[in-house]
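Spelled out from the first residue to the last, the chains are:
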Amino acid sequence: MPDLALITAAEISRLAGVTRATVSNWRRRHPDFPAPVGGTETSPAYDLSAVRTWLAARGQLPANSAKDDLRAALRSDAPDSATLGLLPAALAAGLLGPEESKNLIALPDREMLAGLTAAIESRSDQIPGVDDVSVAAQYPDLVRTLLRCVAEDGAVPAAEILVEEHLDETAGGSYPTPAPLVELMASLLSAPDKSYPARVLDPACGSGGLLVAAGKRGATQLYAQDVVTGQAALAAITIATTLPEAQLDVRVGDSLRADAFPGLLADAVLCAPPYGERDWGNEELAYDPRWIFALPPKSESELAWLQHCLSHTQQGGTVIMLMPPATAERAAGRRIRAELLRSGTLRAVIALPVGAAPPLHISLHLWLLHRDPTSPGQNVLFIDTAETDGRPTGDTGTRRAATDWHRLSTVVLDSWREYDLRPDAFDALPGTARTVPVVELLNEAVDLTPARHVRVTAAPTQPEELAATAHAVRDRLRRAAAGLTALSGGQNWPPAGAEPQTWRQATIADLLRGDALSLVRAPTIGRRAADSTRPETSSTRTLTVQDVLTRRPASGPIDHAGDEIKIEAGDVILPELLHHGRSVARVADTADAGQLLGRHLHLLRPDPTRFDPWFLAGFLAAEENLNAAASGTSIVRVDVRRLRIPLLPTSEQHRYAMAFRRLHTIRVAADLANRLADETARVLSAGLTEGALLPPETAT
């Protein structure tokens, strides 16, 4: 008898689109609910087939997406050890394209597998960790399900499902790098008068985002290594499907202990290494030739990664690393920091705002280094972007401001490129960017924290000028606060009755089938149109995830990707990922119309005769709705097709729509008041501490 496919209570809640509490109630109240067949007393497991039958009989089983079908097929048809062997099939199908994949699905098993075999064999050596490429031939039904998933969602989402069971060995201290930061790091390798580096290495590649960004800008030979088999395999598929013409070499292994590329000298290295590792091989690697400045202390694994990256960079090449702030000041790394300065290797240190990238409670740094410069610089550029963060999100339950990546990237790139052209004649940006002579940095501490060198004392402010500024910002704050008070008052919101109202609901998948709305997403990154020379007008921008979360106008640059999606008024836009467990749905207005849809956003275009967009947005963004349709741990994705919407008459929808629109207006007003409160406090505090203002007289 074959092994049963098992499912936990949490997975049942996601399958049915309900909460965990609802599943617990079903177990207690319905004698016919399937009995546990495995697991433990505290975490029972159930037969997936029996659960699906029970849910279907009660009308609680939503329409499956292709990803749901693939997960279910993997659970029932193939052992975990075989899932990696299906990765070449996912890659082959992704390169064939959706239409060819659909044509293969319609063929008998033998012809379907024959159509994939050549592509699988030619690509299998690109995916590390795949030892048996014959898996596809053993599971034709599973391959067919995989092809459907690739055709509907793409090769990368399908590959993410295949490697899910191979990611739990991820080392501590590893974090995903946000897409805007990936773009910034890759852009720092660009120079106006130089070609982009051809050979680029990432020795801690994760899912390959840094190399994809480098390949989009002109890198043609990409090298990657990661200690986690699933991550390395996912990186290979992500890069190969996005950049099919690039020369790609991805390996599995610990880059410090088992370097997979001995002798490789790349033109540039991009790296976001794991942080805080103590078991990185300090003792066994004590005499390693990579330590050109000094043996890194046990507590300074980041400086081991730094020297590893430099050892793989050709003379004159560039290394860009994402580093924790402690590396810039810890006493244990002082000697290596001093040698980096003396040799002219360290060119710049850039401090990012708190919350720009995980871990979100610290300000990460970017270090820019040159290997064996022919003319060592006499100073180092420090950039502190703490003041470039944007308006508060209002959606996270905290006062942390969302990062304004467009502004931040502009400041960083402009400052770096000016410094790179004229390192000895850089014009400082007060409070943001400044060069410091190396001799001033070679003191007892060798502290490279940007804030200590950038935030120098400014010229004294005239008291009358500052008093006038303070009066103006206080006046704006009073007006904003009055507006917020007026919006939050008014009519009461009465209770619905003794019990909450219930409605007949439909999933987004059901509504899509009924043509009540349509769903679109931005094109896959890296797929460029044949003609990418279309001029970018000043009025056309790309709506980004941060724009949606912060309720600001579209701010992203045009990516010149194929099949760009233009936003229309009345569209409902929802981020693909949950941020701090929450999300927000945006209703596009006339200002959004004509702008382009950014990556990692879902766009729902409702039939206006059947759904009010504000009604739709309000229920789409409900926390319980989102959590029931979400999956993942560190990165939580929302399966938009599983979200549920009440089926109400349009007249009733309009009542809810007006309420949701009022709540949106309150949030916008609160954002403005919050920003003005911060600005008022900053101006008044500066006036007091600089001696330009006096405290108000205490009321008697």
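Residues numbered from 1 in each chain as written. Predicted model: local features only at pLDDT ≥ 70, side-chain atom pairs only at ≥ 80, totals over all residues. Heavy atoms only, no water.

## Observations concerning the overall build of the protein chain
Okay, step 1: Tallying secondary structure elements over the protein chain gives 25 helices and 24 strands in all.
Okay, step 2: Considering the protein chain as a whole, with its 700 residues, one finds that 49% of them fall into the buried category.
Okay, step 3: Considering only contacts in the protein chain between residues 6 or more positions apart, those separated by 24 or more positions represent 75%. (Helix = DSSP H or I, 4+ residues; strand = E, 2+ residues; numbered from the N terminus. Buried < 20%, exposed > 50% of the residue type's maximum accessible area, 1.4 Å probe, protein only. Contact = heavy atoms within 4.5 Å.)

## Quick look at the packing of helix α1 (residues 9–16) against helix α3 (residues 48–57)
Okay, step 1: The contact between α1 and α3 brings their axes to 12 Å, and the two run at 40°. Relative to α3, α1 is oriented oblique. Crossing of α1 against α3: the hand is right-handed. On the side of α1, the interface is formed by Ile 12, Leu 15 and Ala 16, while α3 contributes Leu 48, Val 51, Arg 52 and Leu 55.
Okay, step 2: Considering only residue class, the contact of α1 with α3 consists of 6 nonpolar, no polar and 1 charged. (Axes fitted to C-alpha atoms, helices over the stretch in contact; angles between N-to-C directions. Parallel < 35°, antiparallel > 145°, perpendicular 65-115°, else oblique. Left-handed = near helix turned anticlockwise from the far one by under 90°. Nonpolar A, V, L, I, M, F, W, Y, C, P; charged D, E, K, R; others polar.)

## Describing the state of the cysteines
Okay, step 1: Throughout the structure, instances matching the rule amount to 0 disulfides.
Okay, step 2: Here Cys 271 stays free of any disulfide, with the sulfur of Cys 309 as its closest cysteine sulfur at 4.1 Å. (Disulfide = S-S within 2.5 Å.)

## Section: the pairing of strand β9 (residues 346–351)
On any regular strand, side chains alternate: one points to one face of the sheet, the next to the other face.
Okay, step 1: Among the 6 residues that make up β9, 6 are buried, leaving the element largely enclosed by the rest of the structure.
Okay, step 2: In the sheet, β9 pairs with strand β10 (residues 365–370) via 5 bridges, with the strands oriented antiparallel. Bridge pairing links Val 349 to Trp 367 in β10.
Okay, step 3: Sheet topology note: the β9/strand β11 (residues 379–384) ladder contains 4 bridges and is parallel. Bridge pairing in β11 places Ala 351 opposite Asp 384. (Pairing = 2+ DSSP bridges.)

## Here we look at the packing of aromatic side chains
For any pair of aromatic rings, the description rests on two quantities: the centre-to-centre distance and the angle between the ring planes.
Okay, step 1: Evaluation of the coordinates by the stated rule reveals 13 aromatic pairs.
Okay, step 2: Summarising the aromatic geometry, the rings of Tyr 223 and Phe 261 are spaced 5.7 Å apart at their centres and angled 80° between planes, so their arrangement reads as edge-to-face. With Tyr 223 in strand β5 (residues 221–226) and Phe 261 in the loop between β6 (247–252) and β7 (266–271), this pair connects stretches of sequence that are 38 residues apart.
Okay, step 3: By relative accessible area, which is 15% here, Tyr 223 ends up buried.
Okay, step 4: Accessibility expressed as a relative area gives 7% for Phe 261, which makes it buried.
Okay, step 5: Taking 5.8 Å as the distance between ring centres and 55° as the angle between the ring planes, the aromatic pair formed by Phe 619 and Tyr 656 counts as tilted. On the criterion of sequence distance, the pair formed by Phe 619 in helix α23 (residues 613–620) and Tyr 656 in helix α25 (residues 650–689) is long-range, its members being 37 residues apart.
Okay, step 6: Given a relative accessible area of 14%, Phe 619 falls into the buried group.
Okay, step 7: An aromatic cluster is defined as three or more aromatic residues linked by ring pairs; in this entry it consists of Trp 503, Phe 611, Phe 615, Phe 619, Tyr 656 and Phe 660. (Phe/Tyr/Trp six-rings, centres within 6.5 Å; stacked < 30°, edge-to-face > 60°.)

## Section: the confidence of the model for the protein chain
Fine structural detail should not be taken from predicted coordinates in areas where pLDDT scores are low.
Okay, step 1: Of all residues in the protein chain, 87% attain a pLDDT of 70 or more, and the chain-wide mean is 83.
Okay, step 2: Low pLDDT, under 50, characterises residues 390–399; the predicted model gives this stretch 34 contacts beyond four residues in sequence or across chains.
Okay, step 3: Across residues 525–538 the pLDDT falls below 50, and counting only partners more than four positions away or on other chains, this stretch makes 25 contacts in the model. (pLDDT = per-residue confidence, 0-100.)

## Digging into α3
Okay, step 1: The set of residues buried in α3 consists of Leu 48, Val 51, Trp 54 and Leu 55. Each buried residue of α3 lies within a common arc of 130° when the element is viewed along its axis, so the set occupies one face. In α3, those exposed residues whose orientation departs by more than 90 degrees from the buried face are Thr 53 and Ala 57.
Okay, step 2: The backbone nitrogen of Ser 49 has a side-chain oxygen 3.2 Å away, supplied by the residue at the start of α3, namely Asp 47.
Okay, step 3: Positive backbone phi, at 70°, marks Gly 59, one or two positions downstream of α3. (Arc of directions from axis to C-beta. Polar contact = N/O pair within 3.5 Å; in protein donor to acceptor, adjacent residues only side chain to side chain.)

## Thoughts on helix α20 (residues 463–488)
Okay, step 1: With 26 residues, α20 should reach 38 Å at 1.5 Å per residue; the first-to-last C-alpha distance of 37 Å fits that figure.
Okay, step 2: Along α20, the positions that sit buried rather than exposed are Leu 466, Ala 470, Val 473 and Ala 480.
Okay, step 3: As for α20, its buried residues are in contact with α25.
Okay, step 4: In the stretch just after α20, Gly 490 is the one whose phi turns positive, near 85°. (Expected span 1.5 Å × (residues − 1).)

## Some thoughts on the sheet that holds β5
Strands in a sheet are paired, the pairing made by backbone hydrogen bonds, and the direction either parallel or antiparallel.
Okay, step 1: Sheet architecture is open: 9 strands sit in the order β6-β5-β4-β7-β8-β10-β9-β11-β14, paired in mixed fashion. Among the strands making up the open sheet, the edge pair consists of β6 and β14 (433–437). Put simply, the sheet's adjacent strands are angled 15° from each other on average, direction ignored.
Okay, step 2: Contacting β5 and β6, helix α14 (residues 229–242) crosses the sheet at an angle of about 170° to β6.
Okay, step 3: Across the sheet, helix α17 (residues 405–421) touches β9, β10, β11 and β14, and the angle it forms with β11 is around 170°.

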